[in-house]
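# Topology and contacts: notes
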Amino acid sequence: MSISPTEFIAKWRNVELKERTASQSHFNDLCRLLAVEDPVSADPKGEWFTFEKGASKTSGGQGWADVWRKGCFAWEYKGRAANLDKAFDQLLRYSIALESPPLLIVSDMNVIRIHTNWTNTVQLVHEVALEELADATKRELLRACFDDVEKLRPSKTRRMLTEEAARNFADIAQRLRDRGNEAHNVAHFVIRLVFCMFAEDVGLLPTAMFTRMLEASRVNPSQFSDHARTLFGAMKSGGMVGFEKVEWFNGGLFDDAEAIPLEADDVESLTTAASLDWSEIDPSILGTLFERGLDPDKRSQLGAHYTDRDMIMMIVRPVVIEPLEREWAEAKKGIEAALAKAEAAQGGAKTRARSEAVRIMTEWRERLLRFRVLDPACGSGNFLYLSLLALKDIEHRTNLEAEQLGMPREFPRIGPECVLGIELNAYAAELARVSVWIGEIQWMRRNGFDASKNPILRTLDTIENRDAVLNEDGSQAPWPIADAVVGNPPFLGNKKMIRELGEDYTIALRKAWADVPGGVDLVCYWFAKAWAMMLAGKLQCAGLVATNSIRGGANREVLKPIVEEGRIFEAWSDEEWTVDGAAVRVSLVCFDRAHGDKAQVDGKAVSLIASDLSSRQDACDFTNAVQLPQNLQIAFIGDQKSGPFDIDDEIARRFLQSRGNPNGKPNSNVLKPWLNGMDVTRRPTGRWIIDFGPYMAIDEAALYEAPFEHVHRMVKPLRDGLRRANHREKWWIHGEARPGMRKALEKLRRFILTARVAKHRFFIWAQQPTLPDSRLVVIALDDDVSFGILSSVFHEKWSLATCSWHGVGNDPTYNAQSCFETFPFPEGLNAGVPSSVNIHNPSAQAIAAAAVRLNELRESWLNPIDLAIRVPEVVPDFPDRILPVDDAAAGELSKRTLTNLYNARPAWLANAHRALDEAVAEAYGWGDDWRRGVLTDDEILRRLFQLNQERSR
């Protein structure tokens, strides 16, 4: 039976009943007014819509909320003229146990107050007075609380607010630096201002004190520094500002009263910034954004992306939250069993059982208080902030669940001292402390508790500003004992370490960490240290982010002992991440010593995660694939020039056609067509390279006048500044001239190339005397059989299982050692077997024919005769030039690349590969299985792995 607005207002205008007596009747009438079902009618079992949510099943009585509707709201009633703020605090305190509903509603009989409670949005408050229920708009607002809560979601997110605040302060910081203030002093000063605005908006500074200080300074900006020194001095140890008391803050942030003078435009900018709601600032990104604005070296990243909390929680959840939740589940079972025993017992037995329940709960609480999370590369504190929130949520939730069982309620005791950090960058370390402080205060407020006092900011010596892996004396840096390690260590590739960190530091690091394989990326030292801590009993588990190159090459070696003696219990092998504002591909790796226990990779349960972060349900672990003797000294990384030795075709032909060298020899001796990875995956650019080989003496090289002069002018100045002596002293020689590769190619008319990093794995022929670049893998074979086997699906699948991964596109990286040297060719068709040996082998003939056909079709598509012509080079015995027949043809040819071809994979290409794959399957003896569809990808890999293991014995 419905009730009209007039009837509802009249009925409840003068009701004097107490809260407990009137609340359910009031709510039922409200449901009638809004034409929604009441709790009992809608949900008789009380599973998703109920009165007294959280009331103990054994003792009954008052619950955590007077009314609860799952996914919509928790509602708390108070008697007429009662303090609704206290009612809201009560809801906050129990919100986590109520599944954090998006709306927290408090009311008496005269006012309904709706607080939005969505995670990561700026909180809003809607108020509806009793008399306003005559307004249909107000009733629609209330009805939305039941059936369309998204209408009340605030449009402004905490992220948007934080971004806006960071932009304001970045401009202020830049102006202060431009006036000659030292960058670190500016950063410390600005961080103080940020915290003052936050403290004001959460009520830790007297009402609008900071804003009033700014308003006073607008009249005379020169007085700002005096005012700020007064405020900072009071915050240092507690004191007075005028007649108003200021609490003791300090914590190291307010360790002195120094303040930088401001000008009028600075004060205006601060006034604008102060108008934001700093209580809602988001610490999970605050540190990152402010670090970019305060650190001059990172200002260019201001508008760049950053890692959000959902990504960080992919590490924090399995490493911190889930293990503790499992521990609590066991503790809770013990408490319930003891309380059940106490319920059934009498006298001393009852007391002992009750005491047992208290003992288990006390031990659990002490366990949480002792729990420590370490981020040994904490940056500006994102991981630490979210770890602290996780610990506080767990403590609070378990306290509420224990309270429901009849245990005494406890005030939250976990604080910032539970998170430990190490950070080399001083800007970031200070921001990490501020992020943790702000996060702690926000959590207390959002859960209905007052912030700590005396002091408000506890000194966070637990966040250290130092190197995490190397001491100044060259020894390994220590880490504090912790229960869990989380974090995002620096991503710096092996080849960049000397350039970025310096030669002395890099050598010292590698010397200190002698157990870590040479040639690894910087992040690997964090993995090695965490594992060493576990072996020493000083750490339980770890979750670290690494570039996805951790899965391959030397980097993977740091994961092998973890897999052999412990386990990787959760991993995400390839995820997008943001580092220094740039998108990269990463692997998330969580590990401990629980060897043999269950694991999960990329969201799927598996029996084992291998060191390449693949799931291994059987013995097929490709990290154990061995290099086969018959495949050695065939595949090579191409020439690394280490300087601008390459030239365009116009300069090359001028050099080729010039005469008169003092040695009487042509420049074609030291000029070669040049190919790099882009030439293979796209179209050849027609560039050439000056190449004096690996051993030519400078006097002999100088006799090739024009090429030598070009190298002297373009390369030598760059080589003069290099650290490596041989690069400086032999500046006319390529950095890595690959003599082994050259020797292997000497007798070959042609050879096979593939791009090291490419979306698709295809192989091409290159003609002598072409010189391949280091972004190519060179395979010193010239027979069609080998070309066909390498171009087959069998080698493609093997290469994907044994490769590493690179870049934002997560492209597979073909490695000569892991992909080629481990690959088992069909019996009798091993790499390097001369074509004459297999001239009567039907399998070899079929593969060769299919390979030739595939290559011919691809070449005809890449350079069709109606679009391209072949022109002999200006000197004999060099590959022909391929030129478009006209401008229109040039446009069409530019689209004809192997990458585009394999993206489209037209029918003729698929047919050509299908024929080749069947021929190769026959050579392996698997032809019938191939035609019956038995050879799935997994089955192909299993059989190839078995062959690899058999041939290695």
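Fair warning: this is a prediction, and the values are worked out from it, not measured in the lab. (Residues numbered from 1 in each chain as written. Predicted model: local features only at pLDDT ≥ 70, side-chain atom pairs only at ≥ 80, totals over all residues. Heavy atoms only, no water.)

Let us look at the overall build of the protein chain. Within the protein chain, the secondary structure is distributed over 35 helices and 29 strands. For the protein chain, the residues scored as buried account for 54% of the 953 residues in total. Nonlocal contacts in the protein chain, meaning residues at least 24 apart in sequence, comprise 70% of its contacts between residues at least 6 apart. Carbon and sulfur atoms form 50% of the exposed surface of the protein chain, whose accessible area is close to 41300 Å². Charged side chains of the protein chain number 117 positive and 135 negative; the gap between the two group centres comes to 2 Å. (Helix = DSSP H or I, 4+ residues; strand = E, 2+ residues; numbered from the N terminus. Buried < 20%, exposed > 50% of the residue type's maximum accessible area, 1.4 Å probe, protein only. Contact = heavy atoms within 4.5 Å. Areas by Shrake-Rupley, 256 points an atom, 1.4 Å probe, with all protein chains shown as cover. Lys, Arg positive; Asp, Glu negative; His and termini not counted. Charge placed at Lys NZ, Arg CZ, Asp CG, Glu CD.)

Turning our eyes to something else, we now look at the sheet that holds strand S20 (residues 671-675). What the 4 strands build is an open sheet, ordered S19-S21-S20-S24; its pairing is mixed. Each having just a single partner strand, strand S19 (646-647) and strand S24 (771-772) make up the two edges of the open sheet. Where S19 lies against strand S21 (residues 688-690), 2 bridges are found, and the strand directions are antiparallel. For Asp-646, the partnering residue across the bridge sits in S21 and is Ile-689. (Pairing = 2+ DSSP bridges.)

What follows deals with the nonpolar core. Within soluble globular proteins, side chains that are nonpolar generally end up buried alongside one another. Within the largest apolar cluster, 120 residues are counted, with the highest numbers of intra-cluster contacts made by Phe-169, Phe-195, Leu-231, Phe-249, Trp-278 and Val-320. Of all the elements, helix H12 (residues 309-344) adds the most residues to this core, at 15 residues. Dropping the residues within four chain positions of it, Phe-169 is found in contact with Val-190, Leu-193, Val-194, Met-197, Leu-270, Ala-273, Trp-278 and Phe-290. By size, the runner-up hydrophobic cluster in this structure holds 94 residues, among which are Ala-635, Val-670, Leu-675 and Leu-748. (Core = buried A, V, L, I, M, F, W, Y, C linked by side-chain atoms within 4.5 Å.)

With an omega of 0°, the peptide bond running from Asn-454 to Pro-455 counts as cis. Looking at the secondary structure, you find Pro-455 in the loop between helix H15 (426-446) and strand S11 (463-465). Across the junction of Gln-768 and Pro-769, the peptide omega takes the value 5°, indicating a cis bond. Its location among the elements puts Pro-769 in the loop between strand S23 (764-767) and S24. Located in the positive-phi region is Asn-454, a residue other than glycine, with phi close to 55°. Its location among the elements puts Asn-454 in the loop between H15 and S11.

Attention shifts here to the side chain of Ser-23. Note that Ser-23 resides in helix H2 (residues 19-34). Residue classification places Ser-23 among the buried residues on the basis of a relative accessible area of 7%. Once residues within four sequence positions are removed from consideration, Ser-23 is found in contact with Tyr-77 and Met-109.

What follows concerns the packing of helix H7 (residues 183-201) against helix H9 (residues 224-237). In contact at an axis separation of 12 Å, H7 and H9 are set at 70° when each is read in the N-to-C sense. The orientation of H7 relative to H9 falls into the category roughly perpendicular. Here Phe-189, Arg-192, Leu-193 and Cys-196 of H7 lie close against H9, whose contacting residues are Phe-224, Leu-231, Phe-232 and Met-235. Here the residues of the contact of H7 with H9 are counted per class, giving 7 nonpolar, no polar and 1 charged. (Axes fitted to C-alpha atoms, helices over the stretch in contact; angles between N-to-C directions. Parallel < 35°, antiparallel > 145°, perpendicular 65-115°, else oblique. Nonpolar A, V, L, I, M, F, W, Y, C, P; charged D, E, K, R; others polar.)

Once that is clear, we can look at the packing of aromatic side chains. A complete count under the given rule lists 44 aromatic pairs for this structure. Put simply, the rings of Phe-27, Trp-48, Phe-49, Phe-51, Phe-73, Trp-75, Tyr-77 and Phe-146 pair up and form one aromatic cluster. Taking NZ or CZ as reference, Lys-53 lies 4.2 Å from the ring centre of Trp-68, over its face. In this arrangement the basic side chain of Arg-750 is found over the ring face of Trp-765, its NZ or CZ atom lying 3.5 Å from the centre. (Phe/Tyr/Trp six-rings, centres within 6.5 Å; stacked < 30°, edge-to-face > 60°. Lys NZ or Arg CZ within 6 Å of the ring centre and 35° of its normal.)

An ideal rise of 1.5 Å per residue puts 16 Å on 12 residues; helix H18 (residues 524-535) measures up with 17 Å between its terminal C-alpha atoms. Across the 12 residues of H18, 10 count as buried, placing the element largely inside the fold. Every buried residue of H18 is accounted for by Cys-524, Tyr-525, Trp-526, Phe-527, Ala-528, Lys-529, Ala-530, Trp-531, Met-533 and Met-534. As for H18, its buried residues are in contact with helix H16 (497-501), helix H17 (503-512), strand S13 (541-547), helix H19 (560-565) and strand S15 (582-592). Just downstream of H18 lies Gly-537, where phi reads positive at about 75°. (Expected span 1.5 Å × (residues − 1).)

Bringing the packing of H7 against H15 into the picture now. Direction vectors running N to C along H7 and H15 enclose 5°, while the axes themselves pass 10 Å from each other. The angle between the axes of H7 and H15 places the two elements in the roughly parallel class. The segment H7 lies against H15, with Ala-183, His-184, Ala-187, His-188, Ile-191, Phe-195, Phe-198 and Asp-201 engaging Ala-426, Tyr-427, Glu-430, Leu-431, Val-434, Trp-437, Ile-438, Ile-441, Gln-442 and Arg-445. Residues that form the contact of H7 with H15 fall into these classes: 12 nonpolar, 3 polar and 3 charged.

Mapping Ala-542 onto the fold places it in strand S13. Along the primary structure Ala-542 and Arg-713 are separated by 171 residues, whereas in three dimensions their C-alpha atoms are 52 Å apart. Discounting chain neighbours no more than four positions away, the residues touching Ala-542 are Val-319, Val-485, Ala-530, Met-534, Val-589, Cys-590 and Phe-591.

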